[in-house]
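Per-entry structural report
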Amino acid sequence: MKSGQAEIMETSKGIQKSGLMSRRIAILEFILRIVAFFNTITSTILMATTNETLPFFTQFIRFHAEYSDLPALTFFVVANAVVSGYLILSLPLAFVHIVKSKTQNSRILLIILDVAMLGLVTAGASSAAAIVYLAHKGNNNTNWFSICQQFNSFCERISGSLIGSFIAVVLLILLILLSAIALSRRH
């Protein structure tokens with residue numbers, strides 16, 4: 001009889017350890033979602049408020065650079081805004097994962113939506129990265145000159161915005177991996 005009780009005690013300790021690990025993973029996921037939200041919303045705001053005007057010969061003739069002049073940067077702003085909205089709306093569901101341990105279906109849903117948002121933010125960041133590269137380096141074969149020598153503040157802001165978005169890409173990859181680990185621990 002004592003050996004049966006010992007087995008039950010060992011099994012219950014294993015279940016408690018597994019539950020504690022799942023809760024830690026859920027807390028880490030929640031924190032990563034918050035950090036990814038702040039990265040994407042900061043990138044959105046930074047890019048959307050980027051503009052610079054330079055005088056040309058006289059004060060009446062001016063060159064103006066704005067993010068909305070380039071469709072790739074507009075797509076970047078929209079993609080980051082959508083992902084920011086998703087991340088803030090997914091926080092209640094991520095909180096449920098902390099409180100309840102039997103949340104397999106909602107984890108699968110979050111993985112699917114996280115993968116879709118990862119694709120969206122990666123597409124936005126990649127398209128903006130191509131434009132930022134052209135702004136910094138130009139392309140001599142097509143006679144596109146780098147504009148960052150003239151529009152220095154504009155280029156610094158769009159580059160900073162791009163960095164924040166790529167950090168969000170890495171965080172979303174980590175979220176997907178953590179959710180997959182949490183799901184695999186249950187089987």
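Rules and cut-offs
Residues numbered from 1 in each chain as written. Predicted model: local features only at pLDDT ≥ 70, side-chain atom pairs only at ≥ 80, totals over all residues. Heavy atoms only, no water. UniProt positions renumbered as here; feature names shortened; annotations may be inferred. Helix = DSSP H or I, 4+ residues; strand = E, 2+ residues; numbered from the N terminus. Buried < 20%, exposed > 50% of the residue type's maximum accessible area, 1.4 Å probe, protein only. Contact = heavy atoms within 4.5 Å. Expected span 1.5 Å × (residues − 1). Bend = angle between axes of the 7 residues up to and from the residue. Core = buried A, V, L, I, M, F, W, Y, C linked by side-chain atoms within 4.5 Å. Salt bridge = Lys/Arg side-chain N within 4 Å of Asp/Glu carboxyl O. Patch = residues over 30% accessible without salt bridge, like charges linked within 9 Å, V, L, I, M, F, W, Y side chains within 5 Å. Areas by Shrake-Rupley, 256 points an atom, 1.4 Å probe, with all protein chains shown as cover. pLDDT = per-residue confidence, 0-100.

For the chain, the name recorded in an unreviewed UniProt entry is CASP-like protein, with Brassica carinata as its organism. UniProt lists a comment for the chain under the heading Subunit (unreviewed entry), and it reads "Homodimer and heterodimers."

In this section: the overall build of the chain. In terms of helices and strands, the chain carries 4 helices and 2 strands. Element order for the chain, N to C, with α for helix and β for strand: α-β-β-α-α-α. Burial statistics for the chain: of 187 residues in total, 36% are counted as buried. In the chain, the share of contacts with a sequence separation of at least 24, taken over all contacts with a separation of at least 6, comes to 75%.

For helix α2 (residues 71-99), built from 29 residues, the straight-helix expectation of 42 Å at 1.5 Å per residue is met to within 8% by its first-to-last C-alpha distance of 43 Å. Along its length, α2 reaches its greatest deviation from straightness, about 35°, at Leu-91, and the proline Pro-92 lies no more than four positions downstream.

Moving on: the environment of Arg-107. Along the chain, the position of Arg-107 falls in helix α3 (residues 104-137). Judged by relative accessible area, which is 0%, Arg-107 ranks as buried. Sequence spacing of Arg-107 and Ala-94 is 13 residues, and the spatial spacing of their C-alpha atoms is 8.5 Å.

Residues given the UniProt feature "transmembrane region" (unreviewed entry) here are residues 30-50, 70-96, 108-135 and 162-183. Secondary structure across residues 162-183 comprises 100% helix and 0% strand; the distance between its end C-alpha atoms is 32 Å.

Membership of the largest hydrophobic core comes to 18 residues, with the highest contact counts inside it found for Leu-32, Val-83, Tyr-86, Leu-87, Leu-118, Val-121 and Leu-172. Listing elements by their share of this core, those giving two or more residues are α1 (2-48), α2, α3 and α4 (152-184). Counting residues per element, this core draws most heavily on α4, which supplies 7 residues. Setting aside residues up to four positions removed in sequence, Leu-172 forms contacts with Val-83, Leu-87, Met-117, Leu-118 and Val-121.

Once that is clear, we can look at the pattern of salt bridges. In the structure shown here, the tally under the stated rule is 2 salt bridges. Between Arg-33 and Asp-114 there is a salt bridge whose closest N-O contact spans 2.8 Å. Residue Arg-33 is found in helix α1, and its partner Asp-114 is found in helix α3; the two are separated by 81 residues along the sequence. Like Arg-33, the residue Asp-114 is buried in the burial classification.

With that settled, the discussion passes to a nonpolar patch on the surface. Together, Val-170, Ile-173, Leu-174 and Leu-177 give the surface a local cluster of nonpolar side chains, amounting to about 330 Å² of exposed area. Among the secondary structure elements, Ile-173 is positioned in helix α4.

For the rest of this paragraph, the subject is the confidence of the model for the chain. Summary statistics for the chain give a mean pLDDT of 84 and a share of 82% for residues scoring 70 or more. When pLDDT is averaged over each element of the chain, α2 comes out on top at 94 and strand β2 (residues 58-66) at the bottom at 65.

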